[in-house]
Each structure stands twice: as C-alpha cells, then as structure tokens.
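If you want the building blocks of each chain, they are given just below.
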Amino acid sequence: MTDSNDRSPIFVHPTADVEEGATVGDGTKVWHLAHIRSTAQVGAGCVIGRNVYVDAGVTVGDLVKIQNNVSVYQGVTIEDEVFVGPCAVFTNDFRPRAQNPDWKITPTLVRRGASIGANATLVCGIEVGEFAMIAAGSVVTKDVKPYQLVAGNPARPKGWVDERGEVISRDVDNPPQQG
C-alpha cells in the first residue's frame, strides 16, 4: 500500500486486505473485509465499505463512497465524488464464460459526482455522465447522460437532477440548463 499523500492518515481495518502495490490516498478509510488488489488506485478521502472488492487496475477518484458488498472489476473507472450504493454490481464481460481464451475486458466509466443506487447493475461498456443518478435496482445497459435520472429494468430516462440530486425536471427529452 502506498500513501499518496502524508497529510491525513489512511485507516485500514485489521480484517481488510490492501495488497502490496495498491495506491490508497490520504484520509481514505477501508473497512471490514474489504479487498483492494495490487495496481488498484483509490484516491484521497474515500470510504470503502465492508466487503468491497476493488480489482487490479481499477481507478477510483477522490472523495468516493463505495457502500458495502460492491465489487469493482477490472475495466471500471470511477471519477471523483461518486456514490456507489450497497450491493451495486459492475460487469466487465459481454459474453461471460468460465473458459474463454479470447476474453476481453469491456470498460465502464462513471463520471464525477454520479450516484448509483443500491442493487443497481451496470452492464459493461457504458458511460455514466457527471452528476447522473441511477435509481436503486436499475439495470443500466446504455450510457446515462450528465444529470440524467434513470430507473428500471432496463433503465430508462425518468428526468433530470441537479448537483444535489434533487429532481428538477421530469421532461425526459429536454434537459434543463445547468449552472
């Protein structure tokens, strides 16, 4: 584990496993039974909840909160200030098989300030826009626009939110002006 900045201590619970070679930023808290693989990068001021798995090669930005029981697999990039609710699921393979010599990781990008609700599933190959909000239990199969609210299975547009997460419009076709 590398402390990216010595200003604020990193907390790693005794039951957590942060592999040698992982980078964890100052002020980050890694809770019970979490596992951060070598070559993963976790930014400063993050909260990594109980039983969270951060795979090798994953990048997590600053001030990110990943709630309990989330697995963040190779190919996923989470930018700053993202909230990932409990039991959310990221995939990284369109055609999963136990044995596939041609397997390729399909990346997923979650942009700054986005929120992902509890038990949401993000199918790989998508981009979640800045400050977008994904409702609990949604199955996201397509890109989510910045500030867009999506819900359902499959997730569909339901409106627009502001940076605080307040719904500011239910007109799914016409995003309001931001900022």
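This text goes with the structure placed above it.
Residues numbered from 1 in each chain as written. Predicted model: local features only at pLDDT ≥ 70, side-chain atom pairs only at ≥ 80, totals over all residues. Heavy atoms only, no water.

J.: Where do I start with the pattern of salt bridges in this structure?
T.: Side chains that differ in charge, positive against negative, can pair when their charged atoms come close. In total, this model carries six salt bridges according to the counting rule given. Arg164 is the partner of Asp162 in a salt bridge, and the nearest nitrogen-oxygen pair spans 3.1 Å. The class of Arg164 is exposed, set by a relative accessible area of 68%. Residues participating in the shared-partner salt-bridge network are Glu19, Arg37 and Asp55. (Salt bridge = Lys/Arg side-chain N within 4 Å of Asp/Glu carboxyl O. Buried < 20%, exposed > 50% of the residue type's maximum accessible area, 1.4 Å probe, protein only.)

J.: Looking at this structure, how should I read the pairing of strand S23 (residues 156-161)?
T.: Regular strands show a simple pattern: their side chains alternate between the two faces of the sheet. Pairing analysis gives four bridges linking strand S22 (residues 148-151) to S23, with the strands arranged antiparallel. For Gln148, the partnering residue across the bridge sits in S23 and is Trp160. Hairpin remark: S22 followed by S23, antiparallel, with four residues in the connecting loop; positive phi at Gly152, about 105°. As paired strands, S23 and strand S24 (residues 167-169) are joined by two bridges and run antiparallel to one another. Its bridge partner being in S24, Trp160 is matched across the sheet by Ser169. Hairpin connection, S23 to S24: the antiparallel pair is bridged by five residues, and Gly165 has positive phi, about 90°. (Pairing = 2+ DSSP bridges. Helix = DSSP H or I, 4+ residues; strand = E, 2+ residues; numbered from the N terminus.)

J.: I would appreciate a short explanation of the nonpolar core in the present structure.
T.: Within the largest apolar cluster, 38 residues are counted, with the highest numbers of intra-cluster contacts made by Ile66, Ile78, Phe90 and Leu122. Beyond its immediate sequence surroundings of up to four residues, Phe90 is in contact with Val70, Ser71, Val72, Tyr73, Val76, Ile78, Val84, Thr108, Val110, Ile116 and Leu122. (Core = buried A, V, L, I, M, F, W, Y, C linked by side-chain atoms within 4.5 Å. Contact = heavy atoms within 4.5 Å.)

J.: Explain the packing of aromatic side chains here, please?
T.: By convention here, two paired aromatic rings are described through the distance between centres and the angle between planes. Here the structure, examined in full by the defined rule, presents three aromatic pairs. Ring plane angle 50° and centroid distance 4.8 Å describe the contact between Phe11 and Trp31, whose orientation is recorded as tilted. With Phe11 in strand S2 (residues 11-12) and Trp31 in the loop between strand S5 (29-30) and strand S6 (35-36), this pair connects stretches of sequence that are 20 residues apart. Look at Phe131 and Tyr147: their rings are 5.5 Å apart centre to centre, the planes differ by 20°, and that puts the pair in the stacked class. Taken together, the positions of Phe131 in the loop between strand S19 (127-128) and strand S20 (133-134) and Tyr147 in the loop between strand S21 (139-140) and S22 put the pair 16 residues apart, joining distant regions of the chain. Assigned by exposure class, Phe131 and Tyr147 land together as buried. (Phe/Tyr/Trp six-rings, centres within 6.5 Å; stacked < 30°, edge-to-face > 60°.)

J.: What's the story with the environment of Lys158 in this structure? I'm lost.
T.: Of note, Lys158 is situated in strand S23. For Lys158, a relative accessible area of 38% puts it in the partly exposed group. C-alpha separation for the pair Lys158 and Ala135, spaced 23 residues apart in sequence, amounts to 9.7 Å. Not counting residues up to four positions away in its chain, the partners in contact with Lys158 are Leu149, Val150, Ala151, Arg170 and Val172.

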